[in-house]
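Observations on the model geometry
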Amino acid sequence: MPGTTVEDLLRDLAPQVLGALVRRYGHFDTAEDATQEALIAAATAWPRDGVPDDPRAWLIAVAARRLTDLLRREQARTRREDTVARWVRPADRVAPPADEAPDDGDDSLILLFLCCHPALSPASQIALTLRAVGGLSTAEVAPAFLVPEETMTRRISRGKQRIRASGVPFRMPTGAERRERLAAVLHVLYLIFNEGYARTSGPGLFRADLAAEAIRLTRLVRRLLPDDAEVAGLLALMLLTDARAPARVGPHGELVPMAEQDRSRWKAAQIAEGVALVSAALPRGPVGPYQVQAAIAALHDEAPSAAETDWAQITALYEVLRGMNDNPVVALNHAVAVAMSRGAPAGLALLDDLAADGRLARDPRLPAARAHLLELVGDRDAARDAYREAAGRSTNLAQQRYLHARADRLTGN
(Lines give C-alpha, C1' and ligand atoms only; values in the text may rest on other atoms or scores of the structure.)
Protein backbone atom coordinates (compact mmCIF):
# COMPACT_ATOMS: atom_id res chain seq x y z
CA MET A 1 0.00 0.00 0.00
CA PRO A 2 2.31 2.73 -1.27
CA GLY A 3 2.05 6.05 0.50
CA THR A 4 0.24 4.54 3.49
CA THR A 5 2.10 4.27 6.78
CA VAL A 6 1.53 1.45 9.26
CA GLU A 7 -0.02 3.97 11.65
CA ASP A 8 -2.49 5.19 9.01
CA LEU A 9 -3.36 1.63 8.03
CA LEU A 10 -4.00 0.59 11.63
CA ARG A 11 -6.20 3.63 12.21
CA ASP A 12 -8.32 2.73 9.16
CA LEU A 13 -8.57 -0.94 10.14
CA ALA A 14 -9.23 -0.49 13.86
CA PRO A 15 -13.02 0.10 13.64
CA GLN A 16 -13.40 -2.69 11.08
CA VAL A 17 -11.68 -5.19 13.38
CA LEU A 18 -13.57 -4.03 16.46
CA GLY A 19 -16.88 -4.13 14.59
CA ALA A 20 -16.20 -7.68 13.38
CA LEU A 21 -15.43 -8.86 16.92
CA VAL A 22 -18.46 -7.20 18.50
CA ARG A 23 -20.80 -8.58 15.86
CA ARG A 24 -19.33 -12.08 16.19
CA TYR A 25 -18.80 -12.31 19.95
CA GLY A 26 -20.66 -9.45 21.63
CA HIS A 27 -19.28 -7.66 24.71
CA PHE A 28 -18.11 -4.33 23.38
CA ASP A 29 -15.71 -3.62 26.25
CA THR A 30 -13.83 -6.93 26.05
CA ALA A 31 -13.71 -6.82 22.25
CA GLU A 32 -12.26 -3.30 22.39
CA ASP A 33 -9.51 -4.44 24.76
CA ALA A 34 -8.66 -7.34 22.46
CA THR A 35 -8.61 -5.06 19.42
CA GLN A 36 -6.24 -2.64 21.14
CA GLU A 37 -3.85 -5.48 21.97
CA ALA A 38 -3.94 -6.68 18.36
CA LEU A 39 -3.14 -3.16 17.17
CA ILE A 40 -0.19 -2.98 19.56
CA ALA A 41 1.06 -6.33 18.28
CA ALA A 42 0.78 -5.13 14.68
CA ALA A 43 2.54 -1.83 15.45
CA THR A 44 5.46 -3.89 16.78
CA ALA A 45 5.54 -6.69 14.21
CA TRP A 46 4.67 -5.03 10.89
CA PRO A 47 7.50 -2.48 10.72
CA ARG A 48 9.90 -5.36 11.43
CA ASP A 49 8.37 -8.21 9.41
CA GLY A 50 6.37 -6.31 6.81
CA VAL A 51 2.65 -5.76 6.41
CA PRO A 52 0.83 -9.08 5.80
CA ASP A 53 -1.01 -9.69 2.53
CA ASP A 54 -4.36 -9.34 4.29
CA PRO A 55 -3.74 -7.02 7.25
CA ARG A 56 -7.40 -6.96 8.25
CA ALA A 57 -7.57 -10.76 8.50
CA TRP A 58 -4.31 -10.76 10.49
CA LEU A 59 -5.70 -8.28 12.99
CA ILE A 60 -9.03 -10.11 13.33
CA ALA A 61 -7.20 -13.40 13.92
CA VAL A 62 -4.91 -11.97 16.59
CA ALA A 63 -7.71 -10.01 18.25
CA ALA A 64 -10.04 -13.03 18.22
CA ARG A 65 -7.41 -15.21 19.87
CA ARG A 66 -6.80 -12.56 22.49
CA LEU A 67 -10.55 -12.17 23.02
CA THR A 68 -10.86 -15.91 23.54
CA ASP A 69 -8.17 -15.73 26.24
CA LEU A 70 -9.93 -12.82 27.93
CA LEU A 71 -13.28 -14.58 27.86
CA ARG A 72 -11.85 -17.79 29.28
CA ARG A 73 -10.22 -15.80 32.09
CA GLU A 74 -13.49 -14.03 32.80
CA GLN A 75 -15.34 -17.33 32.65
CA ALA A 76 -13.05 -18.91 35.22
CA ARG A 77 -13.20 -15.88 37.48
CA THR A 78 -16.95 -15.31 37.44
CA ARG A 79 -18.08 -18.95 37.01
CA ARG A 80 -20.45 -18.10 34.21
CA GLU A 81 -19.67 -20.93 31.80
CA ASP A 82 -23.27 -21.32 30.70
CA THR A 83 -23.71 -17.62 29.96
CA VAL A 84 -20.54 -17.45 27.88
CA ALA A 85 -21.51 -20.59 25.99
CA ARG A 86 -24.79 -18.97 24.94
CA TRP A 87 -23.21 -15.92 23.31
CA VAL A 88 -20.10 -17.52 21.78
CA ARG A 89 -20.90 -19.89 18.93
CA PRO A 90 -18.84 -23.11 18.96
CA ALA A 91 -17.51 -22.31 15.50
CA ASP A 92 -16.20 -19.03 16.78
CA ARG A 93 -14.21 -20.43 19.69
CA VAL A 94 -11.18 -20.81 17.44
CA ALA A 95 -10.15 -17.72 15.52
CA PRO A 96 -9.65 -18.12 11.77
CA PRO A 97 -6.05 -18.32 10.61
CA ALA A 98 -4.52 -15.10 9.39
CA ASP A 99 -4.33 -16.26 5.77
CA GLU A 100 -8.04 -17.19 5.60
CA ALA A 101 -10.27 -14.63 3.90
CA PRO A 102 -12.66 -13.25 6.52
CA ASP A 103 -16.40 -13.25 5.93
CA ASP A 104 -16.93 -10.05 7.92
CA GLY A 105 -17.92 -6.81 6.20
CA ASP A 106 -16.89 -3.34 7.31
CA ASP A 107 -18.92 -2.67 10.45
CA SER A 108 -17.59 0.85 11.03
CA LEU A 109 -21.00 2.46 10.53
CA ILE A 110 -22.77 0.04 12.87
CA LEU A 111 -20.05 0.77 15.41
CA LEU A 112 -20.59 4.51 14.97
CA PHE A 113 -24.32 4.18 15.64
CA LEU A 114 -23.56 1.94 18.64
CA CYS A 115 -21.20 4.54 20.13
CA CYS A 116 -24.00 7.12 19.83
CA HIS A 117 -26.45 5.02 21.83
CA PRO A 118 -28.96 7.29 23.63
CA ALA A 119 -28.10 5.68 26.97
CA LEU A 120 -24.74 7.47 26.86
CA SER A 121 -24.05 11.10 27.67
CA PRO A 122 -22.93 13.32 24.77
CA ALA A 123 -19.40 13.44 26.20
CA SER A 124 -19.24 9.63 26.34
CA GLN A 125 -20.66 9.36 22.82
CA ILE A 126 -17.93 11.63 21.47
CA ALA A 127 -15.16 9.92 23.42
CA LEU A 128 -16.21 6.42 22.37
CA THR A 129 -16.63 7.48 18.74
CA LEU A 130 -13.13 8.95 18.62
CA ARG A 131 -11.63 5.93 20.36
CA ALA A 132 -13.52 3.05 18.74
CA VAL A 133 -14.37 4.39 15.28
CA GLY A 134 -11.80 7.13 14.82
CA GLY A 135 -8.92 4.98 16.04
CA LEU A 136 -7.55 7.75 18.28
CA SER A 137 -5.82 6.82 21.51
CA THR A 138 -7.13 7.87 24.90
CA ALA A 139 -4.19 10.27 25.15
CA GLU A 140 -5.31 11.89 21.88
CA VAL A 141 -8.96 12.10 22.93
CA ALA A 142 -8.44 13.56 26.43
CA PRO A 143 -7.21 17.06 25.42
CA ALA A 144 -10.40 17.72 23.46
CA PHE A 145 -12.33 17.48 26.73
CA LEU A 146 -9.87 19.39 28.92
CA VAL A 147 -9.43 16.37 31.19
CA PRO A 148 -6.43 14.20 32.17
CA GLU A 149 -5.86 10.93 30.34
CA GLU A 150 -6.82 8.97 33.48
CA THR A 151 -10.20 10.71 33.64
CA MET A 152 -10.86 9.98 29.97
CA THR A 153 -9.89 6.34 30.49
CA ARG A 154 -12.54 6.01 33.21
CA ARG A 155 -15.12 7.82 31.07
CA ILE A 156 -14.53 5.52 28.11
CA SER A 157 -14.67 2.45 30.36
CA ARG A 158 -17.99 3.53 31.84
CA GLY A 159 -19.37 4.11 28.35
CA LYS A 160 -18.36 0.63 27.21
CA GLN A 161 -19.87 -0.93 30.32
CA ARG A 162 -23.13 0.96 29.79
CA ILE A 163 -23.35 -0.30 26.21
CA ARG A 164 -22.76 -3.82 27.46
CA ALA A 165 -25.40 -3.48 30.18
CA SER A 166 -27.94 -2.07 27.72
CA GLY A 167 -28.01 -5.32 25.76
CA VAL A 168 -28.42 -3.42 22.50
CA PRO A 169 -27.86 -5.76 19.52
CA PHE A 170 -24.96 -5.11 17.20
CA ARG A 171 -26.86 -4.15 14.07
CA MET A 172 -27.75 -1.06 12.12
CA PRO A 173 -30.86 0.50 13.69
CA THR A 174 -33.85 0.86 11.39
CA GLY A 175 -36.95 3.02 11.12
CA ALA A 176 -37.68 5.43 13.96
CA GLU A 177 -34.75 4.09 16.00
CA ARG A 178 -32.31 4.97 13.22
CA ARG A 179 -33.80 8.44 12.80
CA GLU A 180 -33.41 9.09 16.52
CA ARG A 181 -29.88 7.70 16.59
CA LEU A 182 -28.93 9.54 13.38
CA ALA A 183 -29.55 12.90 15.05
CA ALA A 184 -27.10 11.92 17.81
CA VAL A 185 -24.55 10.65 15.27
CA LEU A 186 -24.64 13.90 13.29
CA HIS A 187 -24.42 15.99 16.46
CA VAL A 188 -21.39 14.02 17.66
CA LEU A 189 -19.65 14.40 14.29
CA TYR A 190 -20.46 18.13 14.29
CA LEU A 191 -18.92 18.56 17.76
CA ILE A 192 -15.84 16.56 16.82
CA PHE A 193 -15.31 18.72 13.76
CA ASN A 194 -15.78 21.95 15.72
CA GLU A 195 -13.21 20.88 18.31
CA GLY A 196 -10.80 20.04 15.51
CA TYR A 197 -11.32 23.26 13.56
CA ALA A 198 -11.42 25.65 16.53
CA ARG A 199 -9.94 23.82 19.49
CA THR A 200 -10.98 25.00 22.91
CA SER A 201 -7.52 24.79 24.46
CA GLY A 202 -3.89 24.17 23.71
CA PRO A 203 -1.16 25.96 21.80
CA GLY A 204 -2.54 25.71 18.26
CA LEU A 205 -5.68 27.02 16.62
CA PHE A 206 -6.96 23.67 15.46
CA ARG A 207 -6.43 19.91 15.50
CA ALA A 208 -6.35 18.77 11.90
CA ASP A 209 -6.66 15.11 12.93
CA LEU A 210 -10.03 15.65 14.59
CA ALA A 211 -11.40 17.72 11.71
CA ALA A 212 -10.22 15.15 9.16
CA GLU A 213 -11.69 12.29 11.18
CA ALA A 214 -15.07 14.02 11.42
CA ILE A 215 -15.11 14.50 7.65
CA ARG A 216 -14.13 10.86 7.04
CA LEU A 217 -16.84 9.53 9.34
CA THR A 218 -19.47 11.84 7.84
CA ARG A 219 -18.58 10.52 4.39
CA LEU A 220 -19.24 7.01 5.73
CA VAL A 221 -22.68 8.06 6.96
CA ARG A 222 -23.48 9.68 3.63
CA ARG A 223 -22.49 6.47 1.86
CA LEU A 224 -25.16 4.73 3.95
CA LEU A 225 -27.77 7.49 3.51
CA PRO A 226 -27.01 9.19 0.17
CA ASP A 227 -30.50 10.74 -0.04
CA ASP A 228 -30.55 12.29 3.43
CA ALA A 229 -30.35 16.06 2.96
CA GLU A 230 -29.07 16.81 6.47
CA VAL A 231 -26.23 14.30 6.15
CA ALA A 232 -25.26 16.01 2.89
CA GLY A 233 -25.63 19.39 4.58
CA LEU A 234 -23.31 18.43 7.44
CA LEU A 235 -20.67 17.09 5.07
CA ALA A 236 -20.93 20.26 2.97
CA LEU A 237 -20.60 22.43 6.08
CA MET A 238 -17.44 20.60 7.15
CA LEU A 239 -15.86 20.76 3.70
CA LEU A 240 -16.66 24.45 3.20
CA THR A 241 -15.38 25.39 6.64
CA ASP A 242 -12.26 23.22 6.52
CA ALA A 243 -11.45 24.66 3.09
CA ARG A 244 -10.32 27.89 4.80
CA ALA A 245 -7.94 26.15 7.19
CA PRO A 246 -4.69 26.83 5.26
CA ALA A 247 -5.27 30.59 5.45
CA ARG A 248 -6.37 30.73 9.11
CA VAL A 249 -2.82 30.62 10.46
CA GLY A 250 -0.06 33.14 9.81
CA PRO A 251 3.66 32.39 9.40
CA HIS A 252 4.21 32.45 13.18
CA GLY A 253 1.12 30.42 14.11
CA GLU A 254 -1.03 33.48 14.70
CA LEU A 255 -4.77 33.59 14.00
CA VAL A 256 -5.77 35.32 10.77
CA PRO A 257 -9.43 36.47 10.74
CA MET A 258 -11.49 35.61 7.66
CA ALA A 259 -11.61 39.19 6.41
CA GLU A 260 -7.80 39.26 6.23
CA GLN A 261 -7.20 35.77 4.84
CA ASP A 262 -5.51 35.10 1.51
CA ARG A 263 -8.41 33.42 -0.29
CA SER A 264 -6.14 31.98 -2.94
CA ARG A 265 -4.97 29.56 -0.23
CA TRP A 266 -8.45 28.19 0.37
CA LYS A 267 -9.03 24.63 -0.89
CA ALA A 268 -10.87 25.14 -4.18
CA ALA A 269 -11.76 21.46 -4.69
CA GLN A 270 -13.38 21.23 -1.26
CA ILE A 271 -15.33 24.41 -1.87
CA ALA A 272 -16.63 23.08 -5.17
CA GLU A 273 -17.66 19.78 -3.57
CA GLY A 274 -19.32 21.51 -0.63
CA VAL A 275 -21.25 23.95 -2.83
CA ALA A 276 -22.43 21.10 -5.05
CA LEU A 277 -23.60 19.10 -2.02
CA VAL A 278 -25.61 21.88 -0.42
CA SER A 279 -27.00 23.07 -3.76
CA ALA A 280 -28.36 19.57 -4.42
CA ALA A 281 -29.64 19.07 -0.86
CA LEU A 282 -31.58 22.30 -0.32
CA PRO A 283 -34.27 21.77 -3.00
CA ARG A 284 -35.09 18.28 -1.71
CA GLY A 285 -36.38 19.47 1.68
CA PRO A 286 -37.17 19.60 4.46
CA VAL A 287 -34.36 22.02 5.21
CA GLY A 288 -32.48 21.41 8.47
CA PRO A 289 -29.92 23.42 10.42
CA TYR A 290 -26.85 21.76 8.88
CA GLN A 291 -28.03 22.67 5.38
CA VAL A 292 -28.63 26.29 6.43
CA GLN A 293 -25.19 26.53 8.03
CA ALA A 294 -23.67 25.02 4.90
CA ALA A 295 -25.45 27.62 2.78
CA ILE A 296 -23.97 30.38 4.96
CA ALA A 297 -20.50 28.83 4.64
CA ALA A 298 -20.94 28.64 0.86
CA LEU A 299 -21.74 32.36 0.67
CA HIS A 300 -18.53 33.14 2.57
CA ASP A 301 -16.43 30.80 0.43
CA GLU A 302 -17.81 31.95 -2.92
CA ALA A 303 -17.29 35.67 -2.21
CA PRO A 304 -14.28 36.91 -4.21
CA SER A 305 -13.28 39.12 -1.26
CA ALA A 306 -14.46 39.99 2.23
CA ALA A 307 -15.89 43.28 0.93
CA GLU A 308 -18.01 41.41 -1.63
CA THR A 309 -19.61 39.03 0.90
CA ASP A 310 -23.40 38.92 0.60
CA TRP A 311 -24.08 39.85 4.21
CA ALA A 312 -27.76 40.57 3.57
CA GLN A 313 -28.37 36.98 2.48
CA ILE A 314 -26.22 35.64 5.32
CA THR A 315 -28.31 37.67 7.77
CA ALA A 316 -31.51 36.22 6.32
CA LEU A 317 -30.15 32.68 6.62
CA TYR A 318 -29.17 33.24 10.24
CA GLU A 319 -32.72 34.40 10.91
CA VAL A 320 -33.97 31.13 9.44
CA LEU A 321 -31.48 29.24 11.59
CA ARG A 322 -32.56 31.09 14.73
CA GLY A 323 -36.11 29.93 14.08
CA MET A 324 -34.95 26.30 14.15
CA ASN A 325 -33.25 26.22 17.54
CA ASP A 326 -32.45 28.33 20.56
CA ASN A 327 -28.68 28.43 20.22
CA PRO A 328 -26.86 31.45 21.69
CA VAL A 329 -23.90 31.04 19.32
CA VAL A 330 -26.28 31.25 16.36
CA ALA A 331 -27.76 34.41 17.90
CA LEU A 332 -24.26 35.84 18.31
CA ASN A 333 -23.35 35.10 14.69
CA HIS A 334 -26.65 36.63 13.60
CA ALA A 335 -25.78 39.82 15.50
CA VAL A 336 -22.44 40.06 13.67
CA ALA A 337 -24.17 39.49 10.33
CA VAL A 338 -26.67 42.23 11.16
CA ALA A 339 -23.79 44.56 11.98
CA MET A 340 -22.17 43.85 8.62
CA SER A 341 -25.41 44.25 6.64
CA ARG A 342 -27.22 46.99 8.57
CA GLY A 343 -24.49 48.76 10.50
CA ALA A 344 -22.43 48.10 13.64
CA PRO A 345 -24.84 49.89 16.04
CA ALA A 346 -27.64 47.47 15.10
CA GLY A 347 -25.36 44.52 15.79
CA LEU A 348 -24.21 45.97 19.12
CA ALA A 349 -27.81 46.32 20.26
CA LEU A 350 -28.36 42.61 19.63
CA LEU A 351 -25.15 41.72 21.48
CA ASP A 352 -26.37 43.75 24.46
CA ASP A 353 -29.46 41.54 24.58
CA LEU A 354 -27.24 38.43 24.57
CA ALA A 355 -25.13 39.62 27.51
CA ALA A 356 -27.72 38.27 29.96
CA ASP A 357 -27.64 34.75 28.45
CA GLY A 358 -25.86 32.60 31.02
CA ARG A 359 -24.83 30.09 28.37
CA LEU A 360 -22.34 32.65 27.05
CA ALA A 361 -21.09 33.70 30.49
CA ARG A 362 -17.57 32.31 29.92
CA ASP A 363 -17.54 32.18 26.13
CA PRO A 364 -14.81 34.41 24.63
CA ARG A 365 -16.76 34.86 21.39
CA LEU A 366 -19.25 37.31 22.89
CA PRO A 367 -16.74 39.95 24.10
CA ALA A 368 -14.60 39.33 21.00
CA ALA A 369 -17.55 40.09 18.71
CA ARG A 370 -18.44 43.12 20.82
CA ALA A 371 -14.84 44.37 20.62
CA HIS A 372 -14.85 44.08 16.83
CA LEU A 373 -18.08 46.05 16.49
CA LEU A 374 -16.96 48.68 19.02
CA GLU A 375 -13.81 49.10 16.94
CA LEU A 376 -15.95 49.62 13.84
CA VAL A 377 -17.90 52.44 15.50
CA GLY A 378 -14.67 54.07 16.67
CA ASP A 379 -14.91 53.40 20.44
CA ARG A 380 -11.28 52.36 20.86
CA ASP A 381 -11.20 52.30 24.67
CA ALA A 382 -14.27 50.11 25.02
CA ALA A 383 -13.04 47.87 22.20
CA ARG A 384 -9.66 47.45 23.92
CA ASP A 385 -11.33 46.44 27.19
CA ALA A 386 -13.60 43.97 25.39
CA TYR A 387 -10.65 42.36 23.57
CA ARG A 388 -8.90 41.90 26.92
CA GLU A 389 -12.02 40.41 28.45
CA ALA A 390 -12.23 37.95 25.56
CA ALA A 391 -8.57 37.02 25.99
CA GLY A 392 -9.20 36.39 29.68
CA ARG A 393 -12.02 33.99 28.84
CA SER A 394 -10.16 32.08 26.13
CA THR A 395 -8.27 28.86 26.93
CA ASN A 396 -6.63 28.67 23.49
CA LEU A 397 -3.14 30.20 23.53
CA ALA A 398 -3.11 31.29 19.88
CA GLN A 399 -6.48 32.94 20.28
CA GLN A 400 -5.30 34.67 23.46
CA ARG A 401 -2.27 36.09 21.64
CA TYR A 402 -4.46 37.39 18.82
CA LEU A 403 -6.92 39.09 21.19
CA HIS A 404 -4.14 40.68 23.26
CA ALA A 405 -2.50 41.91 20.07
CA ARG A 406 -5.75 43.56 18.99
CA ALA A 407 -6.06 45.24 22.38
CA ASP A 408 -2.45 46.43 22.30
CA ARG A 409 -2.91 47.88 18.83
CA LEU A 410 -5.73 50.05 20.16
CA THR A 411 -3.48 51.44 22.87
CA GLY A 412 -0.74 52.27 20.40
CA ASN A 413 1.64 49.57 21.72
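Here the structure is shown first, and the text comes after it.
All values reported here derive from a predicted model rather than from experimental measurement.

1. Let's talk about the overall build of the protein
Helices and strands together make up the secondary structure of the protein, namely 19 helices and two strands. Per-residue burial for the protein yields a buried fraction of 51% across its 413 residues.

2. Some points on the state of the cysteines
Taken as a whole and assessed by the stated rule, the structure comprises zero disulfides. With no disulfide of its own, Cys116 has Cys115 as its nearest cysteine by sulfur position, at a separation of 6.6 Å.

3. Re the environment of Leu239
Within the fold, Leu239 resides in helix 11 (residues 229-242). On the basis of relative accessible area, Leu239 is assigned to the buried category, the value being 1%. Residue contacts for Leu239: discarding those within four places in its chain leaves Ile215, Arg219, Gln270, Glu273, Gly274 and Leu277.

4. Brief notes about the packing of helix 17 (residues 365-376) against helix 18 (residues 380-393)
Contact geometry of helix 17 with helix 18 gives a least axis separation of 8 Å together with a crossing angle of 160°. One element, helix 17, and the other, helix 18, form an angle in the roughly antiparallel class. The element helix 17 and its partner helix 18 pack so that their crossing is left-handed. Counted together, Leu366, Pro367, Ala368, Ala371, His372, Leu374 and Glu375 of helix 17 and Ala382, Ala383, Ala386, Tyr387, Glu389, Ala390 and Arg393 of helix 18 form the full contact between these two elements.

Conventions adopted
Residues numbered from 1 in each chain as written. Predicted model: local features only at pLDDT ≥ 70, side-chain atom pairs only at ≥ 80, totals over all residues. Heavy atoms only, no water. Helix = DSSP H or I, 4+ residues; strand = E, 2+ residues; numbered from the N terminus. Buried < 20%, exposed > 50% of the residue type's maximum accessible area, 1.4 Å probe, protein only. Disulfide = S-S within 2.5 Å. Contact = heavy atoms within 4.5 Å. Axes fitted to C-alpha atoms, helices over the stretch in contact; angles between N-to-C directions. Parallel < 35°, antiparallel > 145°, perpendicular 65-115°, else oblique. Left-handed = near helix turned anticlockwise from the far one by under 90°.

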